[in-house]
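Commentary on secondary and tertiary structure
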Amino acid sequence: MKTSSAIVLSCTGIATFICSYFFNLTMDNAEQYLGLIAVMFLDGFFGIIAGIKREGFKTCKALKVLRTTATWIIILTVLLMVERGFIGTGWLSETILVPFLVFQIISVLKNASMVGLIKSELVNTILDRIDKHKGNRS
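What this report covers is the structure whose coordinates are included nearby. (Residues numbered from 1 in each chain as written. Predicted model: local features only at pLDDT ≥ 70, side-chain atom pairs only at ≥ 80, totals over all residues. Heavy atoms only, no water.)

1. Section: the pattern of salt bridges
Using the following cut-off: Any Lys or Arg side-chain nitrogen found within 4 Å of a carboxyl oxygen on Asp or Glu counts as a salt bridge. Secondary structure follows DSSP: runs of H or I at least 4 residues long count as helices, runs of E at least 2 residues long count as strands, and numbering of each begins at the N terminus. Think of it in three bands: residues with accessible area under 20% of the maximum for their type are buried, residues over 50% are exposed, and the middle band is partly exposed, with areas taken using a 1.4 Å probe on protein chains only.
Scanning the entire structure with this criterion turns up 1 salt bridge. Between Asp28 and Arg84 there is a salt bridge; the shortest N-O distance is 2.7 Å. Taken together, the positions of Asp28 in helix α1 (residues 2-28) and Arg84 in helix α3 (residues 59-85) put the pair 56 residues apart, joining distant regions of the chain. Owing to a relative accessible area of 40%, Arg84 belongs among the partly exposed residues under this scheme.

2. Comments concerning helix α2 (residues 30-55)
Side chains of residues three or four places apart in an α-helix project in the same direction, reflecting 3.6 residues per turn. What counts, and what does not: Under the convention used throughout, the expected extent of a helix is 1.5 Å for every residue step, that is, one less than its residue count. Two residues form a contact once any of their heavy atoms are found within 4.5 Å.
The terminal C-alpha atoms of α2 lie 36 Å apart, and with 26 residues this matches the ideal 38 Å at 1.5 Å per residue to within 8%. Taken together, the buried positions of α2 are Ala30, Tyr33, Leu36, Val39, Met40, Asp43, Gly44, Phe46, Ala50 and Gly51. Each element contacted by the buried residues of α2 is listed here: α1, α3 and α4 (92-115). Two residues or fewer after α2 comes Gly56, characterised by a positive phi angle close to 90°.

3. With respect to the packing of α4 against helix α5 (residues 120-130)
Heads up, the rule is: Angles run from 0 to 180 degrees between N-to-C directions of axes, and those axes are lines fitted to C-alpha atoms, restricted for helices to the stretch in contact. What sets the label is the angle itself: under 35 degrees gives roughly parallel, over 145 gives roughly antiparallel, 65 to 115 gives roughly perpendicular, and the rest give oblique. Handedness of a crossing is defined here by the sense of rotation of the near helix relative to the far one, left-handed for an anticlockwise turn of less than a right angle and right-handed for a clockwise turn. Amino acids outside the nonpolar list (Ala, Val, Leu, Ile, Met, Phe, Trp, Tyr, Cys, Pro) and the charged list (Asp, Glu, Lys, Arg) are all regarded as polar, and Gly is one of them.
Across the interface, α4 lies against α5 with an axial gap of 9 Å and an inter-helix angle of 160°. One element, α4, and the other, α5, form an angle in the roughly antiparallel class. α5 is crossed by α4, and the crossing has left-handed handedness. Where α4 abuts α5, its residues Ile106, Leu109, Lys110 and Ser113 lie against Ser120, Val123, Ile126, Leu127 and Ile130. Its residues assigned to classes, the contact of α4 with α5 shows 6 nonpolar, 2 polar and 1 charged.

4. Describing the packing of aromatic side chains
Here a ring pair, both rings aromatic, is described through the centre-centre distance and the interplanar angle of the planes. The following threshold applies: Think of it this way: a Phe, Tyr or Trp ring, Trp meaning its six-membered ring, pairs with another when their centres are within 6.5 Å, and the plane angle makes it stacked under 30 degrees, edge-to-face over 60, tilted otherwise.
Summed over all chains, the structure comprises 3 aromatic pairs. Here Trp72 and Phe100 contribute two aromatic rings whose centre-to-centre distance is 3.7 Å and whose plane-to-plane angle is 20°, an arrangement assigned as stacked. Here Trp72, found in helix α3, pairs with Phe100, found in helix α4; they are 28 residues apart in sequence, far enough to count as distant. Considered together, Trp72 and Phe100 belong to a single accessibility category, that of buried residues.

5. Re the state of the cysteines
Applicable threshold: Defined by distance alone, a disulfide is two cysteine sulfur atoms within 2.5 Å.
Per the counting criterion, the structure on display carries 0 disulfides. This cysteine, Cys19, is not joined by any disulfide, and Cys11 carries the nearest cysteine sulfur, 13 Å off.

Written out as structure tokens, the structure is:
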């Protein structure tokens, strides 16, 4: 009886340590998690609305938003663990995630334009200013 109690207490202690580690990691970087989730869901929301206008609602495309969000949350968690574990890697999450978030925000603008919430001329102006090296559209 003592052995099974010790095993249960050991497993509970390990699970508590792991959960508290991830809780602290998440709370210390809540802004990064919330920013990532907000951009992903906003892109998914406008993408689903644009898709409904084009071809009707597709469950598989709506579920793709959740799968992609979960994947990027896992990537962010791993990056933050590496940053916390190794001195001098504090730049890692920003370097990897910021370009991804910029592309997602561009996708949000394009999807909002397809829905009709933003004028396409405004989106084209924004995209031209981002891609100045490519020249202006005709």
